[in-house]
Amino acid sequence: MDIEELRRHINSFSFEKCKNGDQGFNRILIQLFGFLGHGKSAFINTCIYVLEDGEYQNWAKAKEDYAGSTLERIPYKLTSNITLVDNRGLSKMDGYETGEIFAQLGNLLPLGKVEWAKGFELNDRITRAEKSMITSDFIFPVFVHSVKNSIPEEEQKNIQKVLLKCRDLTGVSPIVVLTHKNSGKLTDTENVFRNMGAERIFSFENYTKEDHFKTRGRHEEVLKFLHEVIKDVHFRIEHQPHDPIKEIIERKNFVITYIHNCEKKAQQENIEKKRAMAKIQQEKKISEQEEEIRREREKRRQEQAMELEMKKEELERQRRREQERQNHELQAAQEKQKKKKGKWKFF
Ligand SMILES: Nc1nc2c(ncn2[C@@H]2O[C@H](COP(=O)(O)OP(=O)(O)O)[C@@H](O)[C@H]2O)c(=O)[nH]1
Ligand SMILES: [Mg+2]
């Protein structure tokens, strides 16, 4: 297919045209997720730019909303039946954040700007959003990652876990979209994701505010990506019967169980942390007591040594006095002897 054909094909996609009918779906929700600053918003702008083929516009406000709330999910309508969702950002992939992503990806939280009162935990938000849950969206997860950032091994494991869970949650293996294609180690990053088990990897140099010079190559890549999404949706719809209402309930149970397990794990970790702290304090106390005993012993030892020294000195003094006395007596006796001898001479 050439560019125009691809564009037409994408624009005309509708579930009604699927072999086995729409099965309750009326829109593909391409759910973008990934770390902050990796090009999700720029990718949305790129898709719109390519598909509309008009002026470049910063629809998704790439970069400007770095401080944007992670709770927002902004939808961008691409065609009448395809919408892209900017699921804002991840800074790391810990238990809490992944719970939030799964709730977003599972379409369990409302689209658009929603003000949540402070203190609303994820569970509460999911429950509150129940009434407005849209069951007719076919969720298509897309993980966006910039090749500019190498991925440390620990992070690779976390991403892999999230990608797998995301597949279990949505029933679709996420497509990996690599951005900044021309300014990083593309092949290395592709290999990292391939080793994680990612089947479909697309790489792009996004059109940006600074560089949106249209090229056939860039246009074609984006259209091929969208075409692949549609092909996959057809495959899913045709090979597996769907019940969108049942599926959203399953997704909800999946996420609630995940959050519950994370909380249980966090509580367990907390208990273990407290135990470890108590153990450290106990050990510190014991070592302080041992130190006190050691000091006390040392003090006694020094006192005894001093006492002994004083006794020795006293004995020495007594010995000297005794010696002096004996010397005195001896001298006196000798004097007496001398005197006696002198008398005898005289007679
Ligand atoms: N050169 C280039 N810049 C990009 C690319 N993708 C994103 N950017 C820029 O990287 C910055 C962060 O991208 P952004 O889309 O805001 O990331 P987000 O936080 O994932 O939405 C912005 O300044 C984008 O213009 C790309 O493929 N190539
Ligand atoms: Mg963004």
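So, a few notes on the structure that sits alongside this text.

What counts, and at which threshold
- Residues numbered from 1 in each chain as written.
- Chains lettered and ligands numbered in written order.
- Predicted model: local features only at pLDDT ≥ 70, side-chain atom pairs only at ≥ 80, totals over all residues.
- Near = placed C-beta within 6 Å.
- Helix = DSSP H or I, 4+ residues; strand = E, 2+ residues; numbered from the N terminus.
- Nonpolar A, V, L, I, M, F, W, Y, C, P; charged D, E, K, R; others polar.
- Expected span 1.5 Å × (residues − 1).
- Buried ≥ 20, exposed ≤ 12 C-beta atoms within 10 Å, placed from the backbone.
- Contact = placed C-beta atoms within 7 Å.
- Core = buried A, V, L, I, M, F, W, Y, C linked by C-beta atoms within 7 Å.
- Pairing = 2+ DSSP bridges.

**Focus: the site of ligand 1**
In the vicinity of ligand 1 there are 16 residues, among which Gly39, Lys40, Ser41, Ala42 and Asn206 approach most closely. Looking at the shell around ligand 1, the element that brings in the most residues is helix H2 (residues 40–52), giving three residues. A class-by-class count of the residues in the shell around ligand 1 yields four nonpolar, nine polar and three charged.

**A word on H2**
Look at H2: 18 Å from first C-alpha to last across 13 residues, which is about the 18 Å you get at 1.5 Å a residue. Extensive coverage of H2 is indicated by the burial of eleven of its 13 residues. If you check which residues of H2 are buried, you get Lys40, Ser41, Ala42, Phe43, Ile44, Asn45, Thr46, Cys47, Ile48, Tyr49 and Val50. Those residues of H2 that are buried lie in contact with strand S1 (27–33), strand S2 (73–79), strand S3 (82–87), strand S4 (137–146), strand S5 (175–179) and helix H7 (216–239). Remark: aspartate 53 follows H2 within two positions and exhibits a positive phi of approximately 55°.

**Observations regarding the nonpolar core**
Side chains of nonpolar character tend, in soluble globular proteins, to be buried together. Among the nonpolar cores identified, the biggest contains 56 residues, and Ile30, Cys47, Phe140 and Val177 are the most heavily contacted of them. Broken down by element, this core gets its largest block of residues, seven residues, from H2. Filtering out sequence-adjacent residues up to four positions away, valine 177 remains in contact with Phe43, Val142, Phe143, Val144, Phe202 and Phe204.

**Notes on the environment of aspartate 168**
In this structure, aspartate 168 sits in helix H5 (residues 153–170). Taking C-alpha positions, aspartate 168 is 123 Å from lysine 336, a pair spaced 168 residues apart along the chain.

**Things to note about the pairing of S1**
With seven of seven residues buried, S1 lies mostly within the body of the structure. The alternating pattern of S1 places Arg27, Leu29, Gln31 and Phe33 on one face and Ile28, Ile30 and Leu32 on the opposite face, and all of these are buried. Note that S1 and S4 share seven bridges and pair parallel. Paired with glutamine 31 across the two strands is proline 141, which belongs to S4. By the bridge criterion, five bridges tie S1 to S3 in an arrangement that is parallel. Across the sheet, the residue bridging to isoleucine 28 is isoleucine 82, located in S3.

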